[in-house]
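Fold and contact review
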Amino acid sequence: MRVVHDFIAESLRRREIDNSLRSLRTESGLIDFCSNDYLGFARSAELKELFKHELEKYPGYQLGASGSRLITGNSQFSESLEARISQYHHAEASLLFNSGYDANVGFFSCIPQRSDTIICDEYIHASIIDGVRLSHATRFVFRHNDLTSLEEKLRASRGRIFIAVESVYSMDGDEAPLKGICDLAEKFGAAVIVDEAHAVGVFGDRGRGITDQLGLNDRVFARIVTFGKALGVHGAAVLGSAELRTYLINFSRSFIYTTAAPFLNHLGVKVAYDFLNAHDHQSELYKRIDHFHLHIRKDPGLIPSRSGIQALLVPGNSRVRDMALLIQKCGFDVRPILSPTVPAGSERLRICLHNHNAMAEIASLCEIINSNL
């Protein structure tokens, strides 16, 4: 046992030396420029009232699901919600998962097999990497958003080929060249999987995502949509064919071997989609993104992005941490993104813009950054 304790202590010591040791924080009272609540749904008083009104229709609801969906955790409400999500995103079918992490791990660990190849963008989310590892398929990585690099990997691939990308990348806020990726996929007979976590609610008609916006739904094998970002609730769904849904129910371990999300969680997802469809929330966010770009100093460190994610490169864990602390002392909750979360030398301030950010708050934040970088 002592050997294990020594390993833990040494691992934490190395993180401290690298200025990369993480810790949990409670509410700071600072102005939010770091959460993924792009549309402000998580704190919306109107959405809370809609939820309470909807809840009154179900006086006999259970607090917990009390089992997996294959045992006691399924309900007519869950299946009707999946039908609603499928219809909303113009997909044949969908399957609910308890989180975006569960959805990605569950999908990628059970469909690609040992003799197959998965090609991932180098900036793909950790949950997809973890799922790929569990699949035992060969994994290739192509340079970020580089179609030439992707084609090189496709030519070297064997077995069934899967291409995994995000429509909007969580660290930079930039977008995948989805049309070019689909063209290459069709040339080589590959299946494209798009994680739309940071695009749902933000891009496309009524927030349906970039794949739908570009008219690529029929050219993509599966989409993963998550509810914990712009929709302000929790959970995720895999969108695809009815056959894919049945396959996941039978082979996806993160679906089969976990207690289903409770009714209250699924009701929150339903109300969030209703709220998303009822109003134009996106234009308000776009105004704030434009306002940020108007006031921030144009600098090589600013990564181009049309999304609510705006990233400023501040290389070095110590330097970016110091900059974030200075901003926090001024009342704004901006967090540093440290290596190894991003490659060493590409540490950055990740600034998230939201509908609940006042224009004056955005301008003040930009002034602080401009004066200290």
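One structure accompanies this document, and this report is about it.

Parameters at a glance
Residues numbered from 1 in each chain as written. Predicted model: local features only at pLDDT ≥ 70, side-chain atom pairs only at ≥ 80, totals over all residues. Heavy atoms only, no water. Helix = DSSP H or I, 4+ residues; strand = E, 2+ residues; numbered from the N terminus. Rg over C-alpha atoms; globule rule 2.2 N^0.38 Å. Buried < 20%, exposed > 50% of the residue type's maximum accessible area, 1.4 Å probe, protein only. Contact = heavy atoms within 4.5 Å. Areas by Shrake-Rupley, 256 points an atom, 1.4 Å probe, with all protein chains shown as cover. Lys, Arg positive; Asp, Glu negative; His and termini not counted. Charge placed at Lys NZ, Arg CZ, Asp CG, Glu CD. Axes fitted to C-alpha atoms, helices over the stretch in contact; angles between N-to-C directions. Parallel < 35°, antiparallel > 145°, perpendicular 65-115°, else oblique. Left-handed = near helix turned anticlockwise from the far one by under 90°. Core = buried A, V, L, I, M, F, W, Y, C linked by side-chain atoms within 4.5 Å. Expected span 1.5 Å × (residues − 1). Pairing = 2+ DSSP bridges. Right-handed = clockwise from strand over helix to strand, strands pointing away. Polar contact = N/O pair within 3.5 Å; in protein donor to acceptor, adjacent residues only side chain to side chain.

1. Details of the overall build of the protein chain
When helices and strands are tallied, the protein chain shows 14 helices and 13 strands. Relative to the globule expectation of 21 Å for 373 residues, the C-alpha radius of gyration of the protein chain, 21 Å, shows essentially globular dimensions. With the C-alpha coordinates of the protein chain rotated into their principal frame, the extents come out at 55 × 55 × 55 Å. Here the protein chain holds 373 residues, and the buried ones make up 51% of them. A separation of at least 24 residues holds for 73% of the contacts in the protein chain among residues at least 6 apart in sequence. When the accessible surface of the protein chain is summed, it comes to about 17300 Å², and 54% of that surface belongs to carbon and sulfur atoms. Charged side chains in the protein chain number 41 positive and 44 negative. The centres of these two groups are separated by 3 Å.

2. Points about the packing of helix α4 (residues 100-110) against helix α5 (residues 126-135)
Close contact between α4 and α5 brings their axes to 7 Å; oriented N to C, the two are set at 30°. The angle between α4 and α5 places the two elements in the roughly parallel class. The handedness of the crossing between α4 and α5 is right-handed. Of the residues in α5, those touching α4 at Y101, N104, V105, F108 and S109 are S127, I128, D130, G131, V132, L134 and S135.

3. What about the nonpolar core?
In this structure, I85, I163, F227, I327, L349 and I351 are the most contacted members of the largest nonpolar core, which totals 75 residues. In terms of residues, this core owes the most to one element, helix α11 (residues 263-278), which gives eight residues. Excluding residues that lie within four positions of it along the chain, L349 makes contacts with Q310, A311, L312, V314, V320, M323, A324, I327, V334 and R335. I128, A137, I193 and I249 belong to the second-largest nonpolar core, a separate cluster that totals 27 residues.

4. As for the environment of G67
Inspection of the secondary structure puts G67 in the loop between α2 (45-55) and α3 (76-88). G67 sits in the buried class, given a relative accessible area of 10%. Sequence separation of G67 and T258 is 191 residues, and the distance between their C-alpha atoms is 7.5 Å. Excluding anything up to four places from it in sequence, G67 contacts T72, G73, T259 and A260.

5. Regarding α3
It helps to recall that an α-helix has 3.6 residues per turn; residues three or four apart then point in one direction. Across its 13 residues, α3 extends 18 Å between first and last C-alpha, which sits within 8% of the 18 Å expected from 1.5 Å per residue. Inspection of α3 places F77, S78, L81, E82, I85, S86 and Y88 among the buried residues, and these make up the whole buried set. Against β2 (93-97), β8 (236-240), α9 (242-251) and α11 lie the buried residues of α3. Once α3 finishes, H90 follows within two positions and takes phi at roughly 55°, a positive value.

6. Some points on the sheet that holds strand β12 (residues 335-337)
Pairing in this open sheet of four strands is antiparallel, and the strands run β9-β10-β13-β12 from one edge to the other. Edge positions in the sheet fall to β9 (302-303) and β12, since each has one partner strand and no second. Two elements, β9 and strand β10 (residues 309-313), share two bridges in a ladder whose sense is antiparallel. Residue pairing for β10: I303 is matched across the bridge by A311. With respect to the sheet, helix α13 (residues 317-329) is in contact with β12 and β13 (348-352), its orientation differing from that of β12 by roughly 165°.

7. Some details on the sheet that holds strand β6 (residues 191-195)
Spatially, seven strands are ordered β2-β8-β7-β6-β5-β3-β4 in an open sheet, and the strand pairing comes out mixed. With one partner strand each, in any of the chains shown, β2 and β4 (138-142) form the two edges of the open sheet. In this sheet, adjacent strand axes meet at a mean angle of 20° when their direction is disregarded. Both β6 and strand β7 (residues 222-226) contribute to a ladder of three bridges, which runs parallel.

8. Remarks on the pairing of β4
Both strand β3 (residues 117-121) and β4 contribute to a ladder of five bridges, which runs parallel. Its bridge partner lying in β4, T117 is registered against T138. Crossover handedness for the path β3 to α5 to β4: right-handed.

9. Overview of the side chain of R69
By the element assignment, R69 lies in the loop between α2 and α3. With a relative accessible area of 11%, R69 lands in the buried category. Here the side chain of R69 touches N74 through a polar contact of 2.9 Å, side chain to side chain. A distance of 2.6 Å separates a polar atom in the side chain of R69 from a polar atom in the side chain of E82. Residue contacts for R69: discarding those within four places in its chain leaves N74, S78, E79, E82, L95, L96, R245, F255 and A260.

All we've got here are geometric facts, nothing functional implied.
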